[in-house]
Amino acid sequence: MPFSFDSYLGVHEPALYIRAKRADVLASNLANVDTPNFKARDIDFNAALNAVTSGQTASMPRATHTNHIQPESFISGYELQYRTPYQTSLDGNTVEHQVEVAAFSDNAMRYLASLRIISGKFNTLRTAIKGQ
Amino acid sequence: MSLFNIFDISGSALQAQSVRLNTTSSNLANANSISSSTGETYRARHPVFAPIMKDFGAQDSSVGVKVMGIVESQRPLRREYNPEHPLADEEGFIYLPNVNVVEEMANMISASRAYQTNVEVMNSAKQMLMRTLAIGQ
């Protein structure tokens, strides 16, 4: 049976990818904390991971021609959703500082956790190759 | 690699917040700049923030912030009767800027907190990248 890095790293490789994207989205929210009418967005991690791992892109339109426009999100399988604020503000901004900071740190820690596991898997491989 | 985008996004926010801090300090510094006519009097100025959309549509994940421009406050100037003042006009009035010091202080705190948050975001992103580069070492 041929060895495959994809199956060896399992769920952690797409997880890292989605976590990095989510960090991007949350950083955008935090950057626009004072921008009038800016709407905070987020990625539903579970849904995105399920979509990526099951390869389920049935609901997405398929590009059948080279000139078809294919948004990045359709390729990667995640969807950005708007956040519902706990308290609305007068300027139409829905970014809530404390929520975004908490989500960003949580996301960063989980990213580092996945990274640690992948790192461990590579070390396991190296030990197996060296045989000592 | 989307983690590198975070430096652009947070960098744009740092830039915007520092412009905001700058206008706040100008406003506070000129809170008592008296003049003898409405035309010459300093008016409070504030930046207008807008998101930077690289792509069309709502699916663009990295959205920075930019300063669209600086607007002068349209609030009426304070007019005070003070005939002894060397800058008083013929009727004995002096004109004071329409800077609201309390509002400016609140603005200053908000700007510096937002600046701090974005620096922290950049630090976290840096840590995530450094660990990623160190995979398998």
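In short, a report on the structure. Quick caveat, the model's predicted, so the values are computed rather than measured.

What counts, and at which threshold
Residues numbered from 1 in each chain as written. Chains lettered and ligands numbered in written order. Predicted model: local features only at pLDDT ≥ 70, side-chain atom pairs only at ≥ 80, totals over all residues. Heavy atoms only, no water. Core = buried A, V, L, I, M, F, W, Y, C linked by side-chain atoms within 4.5 Å. Buried < 20%, exposed > 50% of the residue type's maximum accessible area, 1.4 Å probe, protein only. Helix = DSSP H or I, 4+ residues; strand = E, 2+ residues; numbered from the N terminus. Contact = heavy atoms within 4.5 Å. Expected span 1.5 Å × (residues − 1). Polar contact = N/O pair within 3.5 Å; in protein donor to acceptor, adjacent residues only side chain to side chain. Buried area = accessible area lost by both parts, 1.4 Å probe. Salt bridge = Lys/Arg side-chain N within 4 Å of Asp/Glu carboxyl O. Nonpolar A, V, L, I, M, F, W, Y, C, P; charged D, E, K, R; others polar. Phe/Tyr/Trp six-rings, centres within 6.5 Å; stacked < 30°, edge-to-face > 60°. Lys NZ or Arg CZ within 6 Å of the ring centre and 35° of its normal.

## Digging into the nonpolar core
- With 20 residues, the main nonpolar core has Ala 23, Phe 104 and Tyr 111 of chain A together with Leu 3, Ile 6, Val 121 and Met 128 of chain B as its most contacted residues.
- Ranked by the residues each element gives to this core, the list is headed by helix α5 (residues 97-130) of chain A, at seven residues.
- Apart from the residues within four sequence positions on either side, Ile 6 of chain B is in contact with Ala 23, Asp 24, Ala 27 and Phe 104 of chain A together with Gly 11, Val 121 and Ala 125 of chain B.
- Counting eight residues, the second largest nonpolar core, distinct from the first, contains Ile 18, Val 25, Ile 43 and Ala 48 of chain A.

## Quick word on helix α2 (residues 101-133) of chain B
- The terminal C-alpha atoms of α2 of chain B lie 48 Å apart, and with 33 residues this matches the ideal 48 Å at 1.5 Å per residue to within 8%.
- Residues of α2 of chain B that are buried include every one of Glu 104, Asn 107, Ala 111, Ala 114, Thr 117, Asn 118, Val 121, Ala 125, Met 128 and Leu 129 of chain B, and no others.
- Looking at the buried positions of α2 of chain B, the neighbouring elements they touch are α2 (12-31) and α5 of chain A together with α1 (2-29) and β1 (45-52) of chain B.
- For α2 of chain B, the N-terminal capping position is held by Asn 100 of chain B, with its side-chain oxygen 3.3 Å away from the main-chain nitrogen of Val 102 of chain B.

## Topic: the interface of chain A and chain B
- Taken together, the 33 residues of chain A in the interface contact 34 residues of chain B.
- Of the roughly 2,700 Å² buried between chain A and chain B on both sides combined, carbon and sulfur atoms contribute 59%.
- Considering only the surface of chain A that becomes buried against chain B, Asp 24, Ala 31 and Asp 34 of chain A emerge as the three largest contributors, covering 18% of it.
- In this structure, the connection of chain A to chain B is made through one salt bridge.
- Among the ionic pairs, Arg 20 of chain B bridges to Asp 34 of chain A, the shortest N-O distance being 2.7 Å.
- Across the contact surface, chain A and chain B share seven residue pairs in polar contact (both at pLDDT 80 or more).
- Sorting the residues of the side of chain A that touches chain B by element identifies α2, β2 (80-82) and α5 of chain A as the ones contributing at least two each.
- Looking at which element gives the most residues to the side of chain A that touches chain B, the answer is α5 of chain A, with twelve residues.
- Each residue belonging to the side of chain A that touches chain B can be placed in one class, and the counts come to 20 nonpolar, seven polar and six charged.

## Thoughts on the packing of aromatic side chains
- Summed over all chains, the structure comprises one aromatic pair over all chains.
- Ring geometry for Tyr 81 of chain B and Phe 93 of chain B: centres 5.5 Å apart, planes at 65°, overall edge-to-face. Of the two residues, Tyr 81 of chain B is situated in strand β3 (residues 78-81) and Phe 93 of chain B in strand β4 (residues 93-96); the sequence distance between them amounts to twelve residues.
- The lysine or arginine in question, Lys 121 of chain A, covers the ring of Tyr 8 of chain A, its NZ or CZ lying 5.4 Å from the ring centre.
- Sitting over the face of the ring of Phe 93 of chain B, Arg 79 of chain B holds its NZ or CZ atom 3.8 Å from the ring centroid.

## Structural notes on the pattern of salt bridges
- Scanning the model with the defined rule gives eight salt bridges over all chains in all.
- In this structure, Glu 91 of chain B and Arg 79 of chain B form a salt bridge, with 3.3 Å as the shortest nitrogen-oxygen distance. With Glu 91 of chain B in the loop between β3 and β4 and Arg 79 of chain B in strand β3, this residue pair connects regions lying twelve residues apart in the sequence.
- For Arg 79 of chain B, a relative accessible area of 46% gives the class partly exposed.
- Because the salt bridges share partners, they merge into one network encompassing Arg 22, Asp 42, Arg 83 and Glu 100 of chain A.

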